[in-house]
Amino acid sequence: MDNEIRKKVMLSGIQPSGDLHLGNYLGAVKNWGERADEFDCYYFMADLHTLTVRQNPAELRRRTLEQLAQYIACGLEPEKNTLFVQSHVHEHAELGWILNCYTMFGELSRMTQFKDKSAKNADNINGGLFTYPSLMAADILLYQADFVPVGEDQRQHCELTRDVAIRFNNIYGDVFRVPEPYIPKAGARVMGLGNPVSKMSKSDPNGCVFLMEKPEDIARKFKRAVTDSDTEHCVRYDREAKPGVANLMNIYSAVTGKTFEEIEKEFDGCGYGVFKPAVGDAVIETLRPIREEASRLLADKAYLQQVYTDGAEKASHIARKTLRKVYKKVGLVEKPF
Ligand code: ATP
Ligand code: LTN
């Protein structure tokens, strides 16, 4: 806005509420590093968001650091991407509060993630879980992001962010850039290996492949992947009739770059007994360098600390500017120091 030769901004985050899995990688992180030269990129560990569900404090701290190591190992070079911890930039919580006041109860009630998580945590349906999307909107709008690379399940939150930004701009003028979700073609919705009609999620560890998992465990999970009860037994893309095979084809396509047609040709005449281990092997080879590099980085805590310190400093600089503008627009008295 102020700067005509400004690079477009890309921003995303993941909650360090569990270990990163193949769905997170293919739906989100894999696409983050690809455009680092073209965009100004911000990626963070959404630790404040994880508090909406009860966490073990020591584990949360450990996972936050592990997630940073995995981000870097997935190709996010700290020299080209601003990597930081959400809670280190206090403007997120502050803008989150303001945006709460511009987000409607009805809008929040319609969020499917809220409905799902309330059903899973019936004994702890707290205010934070409900207003989660206002904090997510703050994460995005603070940096004037143009694109938000996420998996399909986050589309609804991105749409709400757009609505809130437009609502705010209509009242106060051009304050926020209205962002767009950036959702990949292959990998946007990886389904569970045990149950191909629900998305791969860390809450179902058997059907979920984790980035740091041992190759033999990954191989076993793919061999056991649910395919279909049809009699055809051929590798053909049909999401409705053969969701298990479609999911495996989707994964194979995302890790090899091959089209569905090419995959059908490659496995023409082969049964699932050949196809499933082949997908497993392709995934193992994709994840191997990530796992090795993440383990190496994790041994160097001082380096990781330097990365998130530099990241928070850079992110704060941008966040501060937007928040100051917002405070002024809504009528808060300027801070004298
Ligand atoms: P939960 O298990 O609590 O639902 P999660 O595993 O879905 O969590 P999130 O932190 O909600 O992980 O998601 C992080 C990013 O990964 C988001 O951009 C989300 O869209 C993407 N993502 C998560 N699961 C998948 C999946 N199965 N397929 C594709 N993308 C996914
Ligand atoms: N809601 C997201 C995590 C998240 C996020 C963000 C993603 C928090 N803030 C900002 C993109 C941009 C999730 O549950 N996966």
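Residues numbered from 1 in each chain as written. Chains lettered and ligands numbered in written order. Predicted model: local features only at pLDDT ≥ 70, side-chain atom pairs only at ≥ 80, totals over all residues. Heavy atoms only, no water.

Draft legend 1. Representation of the packing of helix α9 (residues 215-223) against helix α12 (residues 272-298) within the structure. In contact at an axis separation of 9 Å, α9 and α12 are set at 150° when each is read in the N-to-C sense. Put simply, α9 runs roughly antiparallel to α12. Of the two elements, α9 crosses α12, and the hand of that crossing is right-handed. Contacts between α9 and α12 pair Pro215, Ile218, Ala219, Phe222 and Lys223 from the former with Lys276, Pro277, Val279, Gly280, Val283, Ile284, Leu287, Arg288 and Arg291 from the latter. For the contact of α9 with α12, a count of residues per class yields 9 nonpolar, 1 polar and 4 charged. (Axes fitted to C-alpha atoms, helices over the stretch in contact; angles between N-to-C directions. Helix = DSSP H or I, 4+ residues; strand = E, 2+ residues; numbered from the N terminus. Parallel < 35°, antiparallel > 145°, perpendicular 65-115°, else oblique. Left-handed = near helix turned anticlockwise from the far one by under 90°. Contact = heavy atoms within 4.5 Å. Nonpolar A, V, L, I, M, F, W, Y, C, P; charged D, E, K, R; others polar.)

Draft legend 2. Fine view of the nonpolar core. In this structure, Leu22, Phe222, Ile251, Phe275, Val283 and Leu287 are the most contacted members of the largest nonpolar core, which totals 58 residues. Excluding residues that lie within four positions of it along the chain, Leu287 makes contacts with Leu22, Tyr25, Val209, Phe210, Leu211 and Ile218. Among the nonpolar cores identified, the runner-up in size contains 39 residues, and Leu95, Phe114, Leu141 and Tyr143 belong to it. (Core = buried A, V, L, I, M, F, W, Y, C linked by side-chain atoms within 4.5 Å. Buried < 20%, exposed > 50% of the residue type's maximum accessible area, 1.4 Å probe, protein only.)

Draft legend 3. How the structure looks around helix α8 (residues 155-172). For α8, spanning 18 residues, the distance from its first C-alpha to its last is 26 Å, which sits close to the expected 26 Å at 1.5 Å a residue. Three or more residues of α8 are buried, namely His157, Cys158, Leu160, Thr161, Val164, Ala165, Phe168 and Asn169. Following α8 by one or two positions, Gly173 adopts a phi angle in the positive range, close to 95°. (Expected span 1.5 Å × (residues − 1).)

Draft legend 4. Focus on the site of ligand 1. The full set close to ligand 1 counts 20 residues, and His21, Asp153, Val190, Lys199 and Ser201 are the nearest of them. Interatomic distance of 2.7 Å between a backbone N/O atom of Val190 and a nitrogen atom of ligand 1. In this structure, Met200 approaches ligand 1 through a main-chain N or O atom, which is 3.0 Å from a nitrogen atom. Compared with its free state, where it exposes 600 Å², ligand 1 has 93% of that area covered by protein. Looking at the shell around ligand 1 element by element, the count peaks at 4 residues for helix α1 (residues 22-32). (Near = heavy atom within 4 Å. Polar contact = N/O pair within 3.5 Å; in protein donor to acceptor, adjacent residues only side chain to side chain. Areas by Shrake-Rupley, 256 points an atom, 1.4 Å probe, with all protein chains shown as cover.)

Draft legend 5. Local environment of the pairing of strand β1 (residues 9-14). Most of β1 sits inside the fold, with 5 of its 6 residues counted as buried. As defined by bridge partners, β1 adjoins strand β2 (residues 40-45) across 6 bridges and the pair is classed as parallel. Bridge pairing in β2 places Val9 opposite Asp40. Handedness of the crossover joining β1 and β2 through α1 is recorded here as right-handed. (Pairing = 2+ DSSP bridges. Right-handed = clockwise from strand over helix to strand, strands pointing away.)

Draft legend 6. Representation of the pattern of salt bridges in the model. The final tally for this structure, using the stated rule, is 19 salt bridges. Put simply, Glu152 and Arg155 hold a salt bridge, and the shortest N to O gap is 2.7 Å. Measuring nitrogen to oxygen at the nearest pair gives 3.8 Å for the salt bridge that ties Arg236 to Asp238. Exposure remark for Arg236: the relative accessible area of 32% places this residue in the partly exposed category. Bridged by salt links that share partners, the residues Arg6, Asp146 and Arg177 form one connected network. (Salt bridge = Lys/Arg side-chain N within 4 Å of Asp/Glu carboxyl O.)

Draft legend 7. Structural context of the packing of α1 against helix α10 (residues 243-256). Taken N-terminus to C-terminus, the directions of α1 and α10 make an angle of 45°; their axes are 11 Å apart at the nearest point. The angle between α1 and α10 falls in the class oblique. Considering the relative orientation of α1 and α10, their crossing is left-handed. Mapping the contact onto sequence places Leu22, Leu26 and Lys30 in α1 and Ile251, Ala254 and Val255 in α10. A breakdown of the residues in the contact of α1 with α10 according to their chemical character gives 5 nonpolar, no polar and 1 charged.

Draft legend 8. Representation of the pairing of strand β3 (residues 81-85) within the structure. β3 sits mainly inside the fold: 5 of its 5 residues count as buried. Alternating positions in β3 separate into two faces, Asn81, Leu83 and Val85 on one and Thr82 and Phe84 on the other, with burial throughout. Examined bridge by bridge, β2 and β3 share 5 bridges and lie parallel to one another. If you follow Cys41 over to β3, its bridge partner there is Asn81.

Draft legend 9. Quick look at the packing of aromatic side chains. Using the criterion set out here, one finds 17 aromatic pairs in the structure. When the centroid spacing of 4.4 Å and the interplanar angle of 5° are considered together, the rings of Trp32 and Tyr43 count as stacked. With Trp32 in helix α1 and Tyr43 in strand β2, the pair connects residues that are 11 residues apart, well separated along the chain. The exposure classification of Trp32 matches that of Tyr43, with both residues buried. The interplanar angle of 75° and the centroid separation of 5.2 Å between the aromatic rings of Trp32 and Tyr71 together place this pair among those described as edge-to-face. Taken together, the residues span a long stretch of sequence, with Trp32 in helix α1 and Tyr71 in helix α3 (residues 57-73) at a distance of 39 residues. Tyr71 carries the same exposure label as Trp32, and that label is buried. (Phe/Tyr/Trp six-rings, centres within 6.5 Å; stacked < 30°, edge-to-face > 60°.)

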